[in-house]
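Working through the structure, step by step
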There are 2 protein chains.
Amino acid sequence: MAISLKDVAEHAGVSVKTVSNVVNGYRHVTPATRQRVQQVIDELGYRPNLTARHLRKGRTGIIALALPELGNPYFAELADAVINYAAGLDLIVLLDHTYGRRDQEVLFAQGFRARLIDGLILSPIELENEDLLARGHDAPLVLLGEREYEAPYDHIAIDNVAAARTATRHLLDLGRRRIAFIGARHGRSRQPAHLRLRGWRETVTAAGAAADDALVAGTDGYTRRDGAQAMARLLDSGTAPDAVFCYNDLIAIGAMRTLTERGLRVPEDVAVVGFDDIEEGRYCTAALTTIAPHKQAIARAAVDALLARLEGGAEGAVESRRVRPGFALVPRESTLGRP
Amino acid sequence: MAISLKDVAEHAGVSVKTVSNVVNGYRHVTPATRQRVQQVIDELGYRPNLTARHLRKGRTGIIALALPELGNPYFAELADAVINYAAGLDLIVLLDHTYGRRDQEVLFAQGFRARLIDGLILSPIELENEDLLARGHDAPLVLLGEREYEAPYDHIAIDNVAAARTATRHLLDLGRRRIAFIGARHGRSRQPAHLRLRGWRETVTAAGAAADDALVAGTDGYTRRDGAQAMARLLDSGTAPDAVFCYNDLIAIGAMRTLTERGLRVPEDVAVVGFDDIEEGRYCTAALTTIAPHKQAIARAAVDALLARLEGGAEGAVESRRVRPGFALVPRESTLGRP
DNA sequence: TTGAAAGCGCTAACAC
DNA sequence: GTGTTAGCGCTTTCAA
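Remember, predicted model here, so these are calculated numbers, not experimental data. (Residues numbered from 1 in each chain as written. Chains lettered and ligands numbered in written order. Predicted model: local features only at pLDDT ≥ 70, side-chain atom pairs only at ≥ 80, totals over all residues. Heavy atoms only, no water.)

**Digging into the UniProt feature "domain: HTH lacI-type" (unreviewed entry) in chain A**
Within the UniProt annotation, "domain: HTH lacI-type" (unreviewed entry) is assigned to residues 3–57 of chain A. Helix makes up 69% of residues 3–57 of chain A and strand 0%, and the two end C-alpha atoms of the span are 20 Å apart. (UniProt positions renumbered as here; feature names shortened; annotations may be inferred. Helix = DSSP H or I, 4+ residues; strand = E, 2+ residues; numbered from the N terminus.)

Structural data, given as structure tokens:
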């Protein structure tokens, strides 16, 4: 049996309350008492039982972060940022995977792990508005990422349309006229990619460049393999783009792989832009030009928003926030070529 | 206030015990009662308070997985595997970072988060044997990775020497004679890399190939940047290797980047082998030949070992296990060239 | 400043 | 098959 407050109290000849006061750094304790208690704590190797504390306080200091998957470096890097920032605030982060599956996302949104966690940060892919509205009054929820909802929850996301415009304009500025877009999801109307797709379409259209559907390649998911396959389809269909803007870096990396295999040069024949600024992109043979969302800022905003809800009390108390962290275009070899 | 067992009991006109029985799927409950209780549960939206359950049971069902960092895809992929396998066993995984820093590793080994977690899986980098021996009788601990300790803890790791031999032999078989090793850590004697270094040294020596120290390049860490810098130093020093075996895939990717920048071809001029089989390696311009540790098997072994301790009771009850999951050489373009 | 006692929500004995 | 009760270890009134 482990050592409890009571054990310490008995050994020190004081009450549990006093020990509790010492453990929690309460002010009004005689230095003498404090020292004696502290000594017994050290001797016995007492560790407070967090579970009991949680039960009593009604809060656990644990928040969940539900992401599609860690296999995508963007999410791994983001998770890293959230965990770090939260740790500085004495919050523990419980990481969960949804695999971008609606049933999983609904599970978390509905309050899976209720009362183990104080709140949830969720990055949805397939979740629908109705799923969110059907949510009971559980722990606070903060939404992350490019899906848009009409529900009263805080939402942290960069301006995806603006970022897509920036990326596309960069390609136009380099003289490219047949810019493809890879990553629209097959046959889904309100898909995650629609904001970036819109930014692309608006910009190419405004510039009088090609904007036909033949330049838009769908994918099943968001992996390197999806990118490689989509690029292959694009080339096989005879579309012959001189640039591609990809939904994310992984897709871009897959696309570059296909281009290389087909004997096409990046960027001379086809320029490539990704999205996410994952570390990996910097080490590609043609280092990847990309949109860099400010991950630290995203992490900070998400945790802060959750914390505000936690402190703020009731759901409706504060109006739902819409935070737009910054982003930047990072031009590299995949569009500029080797210096 | 949230709905508790008691609330449900009152509404259903039964005792808390009965509700508890229903919630826990206890057998001996009349179907009629069960149905009535279940209905009230649904109506009221009752969710069991996990914290209270944990306190009562003395177990939380939460295990911690302390890894250096998620930024290394190998660890991200491993974490993914552990989380999934654990979920199937109704275990929640709490992910923590040590950044390969000894103080952080000691913290976890000493029982940080004691009594929040039932046990710990730790992948140490800098941790020393003495740190482990100084450990109190806290939650069970399972060690992961290539560091070796003389302490009574379960240890899961592939046979690193054998794996390094396989990788090196592969290069020898391709006719390479000046095989460099990148990733020995600067000026550390009992460094993590020493097993792989040994495998390399034994194999090149046995083959009568070059094994001089000029072919061994140290790094500060295990990132792409470390690999790029080490490769540059190797080339600048006039060593002129015709192959490199890298401590891990990230280092290999960084090394390939430098080779490309210097106008050297992979594998024609320099063949490259990595270690870890991260997804990223498959999409490099010269797809990376690598050693693939069986991550699923590692994850399974680690969780199983921890679970065995959890069930088995006392620390000394079971002898400490040494599990060696399998590995495989995956030859790709970075040694074989394009088909 | 410190002590005594109640109770957070749940499960495990034990009674009925 | 179901109800009653005690208590997991902690914090928090309320007294002293």
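**A short note on the protein's contact with DNA strand C**
Inspection of the region around DNA strand C gives 22 residues, with Thr18, Thr30 and Thr33 of chain A together with Leu5 and Tyr46 of chain B positioned closest. The sugar-phosphate portion of DNA strand C accounts for 69% of its atoms within 4 Å of the protein, the bases making up the rest. The separation between a phosphate oxygen of DNA strand C and a polar side-chain atom of threonine 33 of chain A is 2.5 Å. Within the side chain of asparagine 24 of chain B, an N or O atom sits 3.4 Å from a phosphate oxygen of DNA strand C. Contributions of two or more residues to the surface near DNA strand C are made by α2 (16–23) and α4 (50–57) of chain A together with α2 (16–23) and α4 (50–57) of chain B. Of all the elements, α4 of chain B adds the most residues to the surface near DNA strand C, at 3 residues. Counted by class, the surface near DNA strand C contains 8 nonpolar, 9 polar and 5 charged residues. (Near = heavy atom within 4 Å. Polar contact = N/O pair within 3.5 Å; in protein donor to acceptor, adjacent residues only side chain to side chain. Nonpolar A, V, L, I, M, F, W, Y, C, P; charged D, E, K, R; others polar.)

**Some remarks on the interface of chain A and chain B**
In this complex, chain A contributes 51 residues to the contact, which on the side of chain B involves 50 residues. Together, the buried faces of chain A and chain B total about 4300 Å²; carbon and sulfur atoms form 57% of this surface. The largest share of the area that chain A buries against chain B comes from Arg115, Arg257 and Tyr283 of chain A, three residues that together contribute 19% of it. Summed over the shared surface of chain A and chain B, the result is 2 salt bridges. Of the charged contacts, one joins arginine 257 of chain B and glutamate 333 of chain A as a salt bridge, the two residues approaching to 2.4 Å between their closest N and O atoms. (Contact = heavy atoms within 4.5 Å. Buried area = accessible area lost by both parts, 1.4 Å probe. Salt bridge = Lys/Arg side-chain N within 4 Å of Asp/Glu carboxyl O.)

**Re the sheet that holds strand β3 (residues 119–122) of chain A**
Residues and elements named next belong to chain A. Overall, parallel pairing links the 6 strands, which are arranged β2-β1-β3-β4-β5-β11 in an open sheet. Looking at strand neighbours, the two that pair on one side only are β2 (92–97) and β11 (322–323), the edges of this open sheet. In this structure, strand β1 (residues 62–67) lies alongside β3, joined through 4 bridges in parallel fashion. Paired with alanine 66 across the two strands is leucine 122, which belongs to β3. Taken strand by strand, helix α6 (residues 102–109) contacts β1, β2 and β3, and its axis lies near 155° from that of β3. (Pairing = 2+ DSSP bridges. Axes fitted to C-alpha atoms, helices over the stretch in contact; angles between N-to-C directions.)

**Observations concerning the nonpolar core**
Ile182 of chain A together with Ile121 and Ile182 of chain B are the most contacted members of the largest nonpolar core, which totals 158 residues. Those residues in contact with isoleucine 121 of chain B that lie beyond four places of it in its chain are Ile63, Ala64, Leu65, Ala66, Val82, Val142, Leu144, Ala302, Val303 and Leu306 of chain B. Val106 and Ala151 of chain A together with Ala64 and Ala66 of chain B belong to the second largest nonpolar core, which has 40 residues in total. (Core = buried A, V, L, I, M, F, W, Y, C linked by side-chain atoms within 4.5 Å. Buried < 20%, exposed > 50% of the residue type's maximum accessible area, 1.4 Å probe, protein only.)

**Here's the deal with the protein's contact with DNA strand D**
Around DNA strand D, the surrounding shell holds 23 residues, and the nearest of these are Leu5 and Tyr46 of chain A together with Thr18, Thr30 and Thr33 of chain B. For DNA strand D, the fraction of atoms within 4 Å of the protein that belong to sugar or phosphate moieties is 64%. Within the backbone of serine 15 of chain B, one N or O atom sits 2.8 Å away from a phosphate oxygen of DNA strand D. Secondary structure elements with two or more residues in the surface near DNA strand D: α2 and α4 of chain A together with α2 and α4 of chain B. Tallied by class, the residues present in the surface near DNA strand D amount to 8 nonpolar, 9 polar and 6 charged.

**Description of the packing of aromatic side chains**
Tallying each qualifying case throughout the model produces 12 aromatic pairs over all chains. Taken together, a centroid distance of 6.1 Å and an interplanar angle of 45° make the contact between phenylalanine 181 of chain A and tryptophan 200 of chain A tilted. With phenylalanine 181 of chain A in strand β6 (residues 179–185) and tryptophan 200 of chain A in helix α9 (residues 194–206), this pair connects stretches of sequence that are 19 residues apart. Joined through ring pairs, the aromatic side chains of Phe181, Trp200, Phe245 and Phe275 of chain A make up one cluster. In this arrangement the basic side chain of arginine 196 of chain A is found over the ring face of tyrosine 247 of chain A, its NZ or CZ atom lying 4.4 Å from the centre. Seen from the ring of tyrosine 26 of chain B, lysine 17 of chain B lies directly overhead, with NZ or CZ sitting 5.1 Å from the centre. (Phe/Tyr/Trp six-rings, centres within 6.5 Å; stacked < 30°, edge-to-face > 60°. Lys NZ or Arg CZ within 6 Å of the ring centre and 35° of its normal.)

**Examining the sheet that holds strand β10 (residues 289–293) of chain A**
Two modes of strand pairing occur in sheets, parallel and antiparallel, and in both the strands are linked by backbone hydrogen bonds. Residue and element names in this part refer to chain A. With mixed pairing, 6 strands are arranged side by side in an open sheet as β7-β6-β8-β9-β10-β12. The sheet is open, and its two edges are formed by β7 (216–219) and β12 (327–330), each paired on a single side. Each strand of the sheet is rotated relative to its neighbour by a mean of 20°, with strand direction disregarded. Here β6 runs beside β7; their pairing, made up of 4 bridges, is parallel. Residue pairing across strands places alanine 184 opposite glycine 218, the latter belonging to β7. On the sheet, helix α10 (residues 224–236) packs against β6, β7 and β8 (243–246) and is oriented at approximately 140° with respect to β7. Sheet contacts for helix α11 (residues 249–261): β6, β7, β8, β9 (271–275) and β10; angle to β9, the most-contacted strand, approximately 155°.

**Describing the relation of the copies chain A and chain B**
For the pair chain A and chain B, the best superposition has an RMSD of 0.2 Å and corresponds to a rotation of 180° with a translation of 0.1 Å parallel to the axis. Expressed as an axis order, the relation between the two copies is that of a two-fold axis. Among all C-alpha atoms of chain A, that of leucine 94 of chain A lies closest to the rotation axis, at 2.7 Å. Interface overlap between copies: 98% of the residues of chain A at the interface are likewise at the interface in chain B, consistent with a symmetric, same-surface contact. (Least-squares fit on C-alpha atoms with pLDDT ≥ 70 in both.)

**Considering the domain arrangement of chain A**
Residues and elements named next belong to chain A. What the domain assignment lists for chain A is domain 1 (5–44), domain 2 (62–157 + 295–325) and domain 3 (160–293). Look at where the C-alpha atoms of domain 2 and domain 3 centre, and you get two points 28 Å apart. Opposite the 12 residues of domain 2 that make contact, domain 3 presents 19 residues. Here domain 2 packs against domain 3, burying approximately 1400 Å² in sum over the two surfaces, 46% of which is carbon and sulfur. There are 2 salt bridges connecting domain 2 and domain 3. (Domains from an automatic or database assignment.)

**Remarks on the packing of helix α1 (residues 5–12) of chain B against α2 of chain B**
Residues and elements named next belong to chain B. Packing of α1 against α2 brings their axes to within 8 Å, and their N-to-C directions diverge by 110°. Classed by the angle they form, the pair α1 and α2 counts as roughly perpendicular. Seen from α1, the contacting residues are Leu5, Lys6, Val8 and Ala9; seen from α2, they are Val16, Val19, Ser20 and Val23. Classifying every residue of the contact of α1 with α2 gives 6 nonpolar, 1 polar and 1 charged. (Parallel < 35°, antiparallel > 145°, perpendicular 65-115°, else oblique.)

**Topic: the pattern of salt bridges**
Residues and elements named next belong to chain A. Under the criterion given, the structure shown has 44 salt bridges over all chains. Glutamate 126 is paired through a salt bridge with arginine 185; the nearest N and O atoms lie 3.6 Å apart. Note that glutamate 126 is positioned in the loop between β3 and α7 (129–133) and arginine 185 in strand β6, a separation of 59 residues in sequence. The same class applies to glutamate 126 and to arginine 185, which are both buried. Taken together, the shared-partner salt bridges in this structure form one network comprising Asp277, Glu279, Arg282 and Arg332.

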